[in-house]
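Below, each chain spelled out in residue letters.
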Amino acid sequence: MAEQTRIEQLDLAVQALLDRPEAPLPAPADAELAALVRLAADLRDLPGTGFKARLKTDLQRRAEMASKPVPVPKPAPAATPYLCVRDAAAAIEFYKKAFGAIELGRLVQPDGKIPHAEIQVGGATIMLADELPEYGFDSPQSLGGSPMKVHLFFDDVDALVQQAVAAGAKITRPVKDEFYGHREGQLCDPFGYTWIVSTQKEALTFAEIERRFNALMQQEGTPPAAKRPVREGFHTVTPYLVVDRPAEFLAFIKQAFGAEETFRAPGSAGGTHVELRIGDSMIMAGGAPGHPAAPVAIHLYVPDADSVYHRAIAAGAASFYEPMDMPYGDREGGVKDGFGNNWYIATHKATGHLREGLRTVTPTLHPRGADSLMDFLKRGLGAEEESCERLPDGTIAHASVRIGDSVLEIGEARGPIEPTTAMLLLYVPDVDAAYQRAVAAGGVSIELPANQPYGERRAGVKDSHGNSWYFSAPIARAAK
Amino acid sequence: MLLESPRGEPGLPAPGHQQDERLLVEAAQADPRRFAALYDLHFERIYAYVARRVGSRAEAEDLTSDVFHQALANLQRFEWRGAPFAAWLYRIAANAIADHWRRTAREQGNPTAGEPSATSDTGLEEFELRARLFRLVGELPADQQRVVEMRFVEGKSIREMALELGRTEGAIKQLQFRALGNLRAHE
């Protein structure tokens, strides 16, 4: 059959089955043609491409509306760290940059605070939130650090540390191979958390790790003492008495309080820098003629308050109040030293010398508005309140806070007690972190963190009451 | 000639597709926006099944639409027990068709009447084959595809098509012939 004829025959059959759908199918004698007609009959049910596309669009629109976010996966059996940070949004961005974190989601309150967020680092979930003190959520920046460290494994810890440092993390322990099979380092983030980051180099049993540990211990004797951030002979807080007549002042405190000079050098701001021991404490003093003084009050515990009081008067101090028995169990007298400083000379009667928890020298600050200073001490310096007694009008008569191994006392400036603008030196484990925390709490930078020629890293801030706080730490020696 | 489907066999899912399909279903259950992939996979067979059992194209489209909307809305209820997803869709379609006929019967005042020529005992192979044919149409060269769509979906005459496409009636008939021949060759 000529093709032309077949084309025409097929079309006739197609036209017939379209025109009369109920009629029996046309059945051409030609078997091949008959097969085409059967196909044509089936094609009467062919769906329209327009309909298929429209329905798909409809379904997609419906799915979009019904689309709930991917359900939060059931937590794996693992302990999930929950980090409280000041500025969770910034922390999330930081962890993305530093650790390649993926944000799983966040809740945002109308005030912009994030009460809950989840990120994933290398498959591990980490939860975090803004600090919300009203719910008992405090950040390391408020608490003065966190003892909790989070351990993360990465494929390439060296690359990770580079990336984290570029994002603003600080190395607190450089990466090296450890006996327990990890290549490992430690980082501190700007939010006060410490991260141990590792790459597993060897998969070891605990027994093998223990064997290596014991061998190391035998080799080295006792484990090396953790490096004390505080300089030998010092405590966390050292008052720095800035006076305009340093030579006269040194003569006075040596004569009055038996201070013993341990070190003298030209001061970094000119004048003289002197370090002195009084009893179990160290103070620093310095200054130059015309140099603005930084007056402070010193609570001084001695075995015999009366005799020291009289020695101070003899050395040139003016009496502030005569020694008397105080309701808090101390015998105490006060002098003004003529250089702007008050000395509260006390003997705790129960012990015959020191009050428990205090040393020979305890710096005492007299701000106007002691509550706001207390707030800065806590948030900016990580101080812990130990006691706080208030006058009937609500002002703070006497409070004490602990910073590291030292105590500071605070009492509202009033009447004859003039405001102090002290200078204090704090030995801290991490100068940069301490500086950042103090600035974050409202401290004004007076010295950026920098290494000093005398082997310490130092930074300074001034609080809103005019007190200067210098953070210092010995510079770690480069590993050889 | 462009007749090879990129997926290989259009229509019937091969046994190896089970695992893939399971992943698609689970993805869509987690995120309904992923349902489109399942729709693409199953549209033709459900349409073929529905179209065979209702009187008009409009009804076929309405019911097919119902079936997929129901499937999307109830996707969470689908549990993978080894039966293919298509079986679940066929069941939804069968119920939708039954409802359709009951509704039609009530509207016509004949509440006992059901589907006129109930073909529930018919095997599903027929619809699988037809779905395959419908997919093959999508693989035809564009001009043949257009002619098939105009002729069988839009119900146009050879004359109307010739005018619309700017070809002779002979050319249109030839395209129709070639198209059916191609489909036959790959059936």
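This text follows the structure it describes.
Let me begin by describing the structure that accompanies this report. Remember, it's a predicted structure, so these values are computed and weren't measured experimentally. Every chain begins its residue count from 1, and numbering advances along the sequence as written. Both sets of labels track the order of writing: A upward for chains, 1 upward for ligands. In view of the model being predicted, local features appear only for residues whose pLDDT reaches at least 70, and side-chain atom pairs are presented and counted only at 80 or more, with totals across whole chains, interfaces and linings using the full set of residues. Excluding hydrogens and water, the side-chain figures rest on all heavy atoms present in the structure.

1. A look at the overall build of chain A
The way it works is that DSSP assigns letters per residue, a run of H or I at least four long becomes a helix, a run of E at least two long becomes a strand, and they are numbered from the N terminus. Across its full length, chain A holds 11 helices and 24 strands. Residue exposure (1.4 Å probe, protein chains only): buried if accessible area is under 20% of the type maximum, exposed if over 50%, otherwise partly exposed. Expressed as a percentage of the 480 residues in chain A, the buried residues total 45%. Residues count as neighbours in contact if any of their non-hydrogen atoms are within 4.5 Å of one another. Pairs at least 24 apart in sequence give 56% of the contacts found in chain A among residues at least 6 apart. Residue burial considers only the protein chains on display, and all accessible areas are found by Shrake-Rupley using a 1.4 Å probe. Split by element, the accessible area of chain A, about 24,000 Å² in all, is 56% carbon and sulfur.

2. Here we look at the overall build of chain B
Counting its regular elements, chain B contains 8 helices and 0 strands. Beginning at the N terminus, the succession of helices and strands in chain B can be written as α-α-α-α-α-α-α-α. Intrachain contacts of chain B at a sequence separation of at least 6 include 63% that bridge at least 24 residues. Accessible area of chain B: about 9,500 Å², with a carbon and sulfur share of 49%.

3. Let's talk about the side chain of Gln186(A)
Mapped onto the elements of the fold, Gln186(A) is located in strand 7 (residues 182-188). Once residues lying within four places of it in the same chain are set aside, the contact partners of Gln186(A) are Lys149(A), Lys170(A), Ile171(A), Thr172(A), Arg173(A), Thr194(A), Trp195(A) and Ile196(A).

4. Here we look at the environment of Ala413(A)
Residues and elements named next belong to chain A. With respect to the helices, strands and loops of the structure, Ala413 is situated in the loop between strand 20 (406-410) and strand 21 (423-427). Residues Ala413 and Gly369 lie 44 residues apart in sequence; the distance between their C-alpha atoms is 8.0 Å. Once you skip the residues sitting within four places of it in the chain, Ala413 turns out to touch His366, Pro367, Arg368, Glu418 and Pro419.

5. Digging into the pattern of salt bridges
Every case where a carboxyl oxygen of Asp or Glu lies within 4 Å of a side-chain nitrogen of Lys or Arg is listed as a salt bridge. If you walk through the whole model with that rule in mind, you get 51 salt bridges over all chains. Two residues, Asp325(A) and Arg331(A), come together in a salt bridge whose shortest N-O distance is 3.2 Å. Using a relative accessible area of 46% as the deciding quantity, one classes Asp325(A) as partly exposed. Looking at Arg331(A), the relative accessible area reads 26%, which means it is partly exposed. The structure contains a network of salt bridges with shared partners spanning Asp42(A), Asp45(A), Arg52(B), Glu126(B) and Arg130(B).

6. Concerning the interface of chain B and chain A
With 40 residues of chain B at the interface, the matching set in chain A holds 40 residues. A combined buried area of about 3,900 Å² lies between chain B and chain A, and 66% of that area is made up of carbon and sulfur atoms. The interface formed by chain B and chain A includes 8 salt bridges. Polar contacts here mean pairs of N or O atoms no more than 3.5 Å apart (in protein, one a potential hydrogen donor and the other a potential acceptor; neighbouring residues in sequence count only if both atoms are side-chain atoms). Scanning the region where chain B abuts chain A turns up 14 residue pairs in polar contact (both at pLDDT 80 or more). Elements represented by at least two residues in the side of chain B that touches chain A include exactly helix 2 (35-51), helix 3 (57-73), helix 5 (125-139), helix 6 (142-153) and helix 8 (169-186) of chain B. Broken down by element, the residue count for the side of chain B that touches chain A peaks at 9 residues, all from helix 8 of chain B. Residues are grouped as follows: Ala, Val, Leu, Ile, Met, Phe, Trp, Tyr, Cys and Pro are nonpolar; Asp, Glu, Lys and Arg are charged; all remaining types, including Gly, are polar. Tallied by class, the residues present in the side of chain B that touches chain A amount to 20 nonpolar, 6 polar and 14 charged. Simply put, the buried area is the total loss of 1.4 Å probe accessible area from both parts when two parts are fitted together.

7. Some thoughts on helix 9 (residues 305-314) of chain A
Residues and elements named next belong to chain A. Buried within helix 9 are the following residues: Ala305, Val308, Tyr309 and Ala312. An end-on view of helix 9 places all buried positions within 105 degrees of arc, on one side of the element. Where helix 9 begins, one side-chain oxygen reaches toward the backbone nitrogen of Asp306, 3.2 Å away; that side chain belongs to Asp304. Phi turns positive, to about 120 degrees, at Gly316, one or two residues after helix 9. Taking the helix axis as origin, the arc is that swept by the directions to the C-beta atoms.

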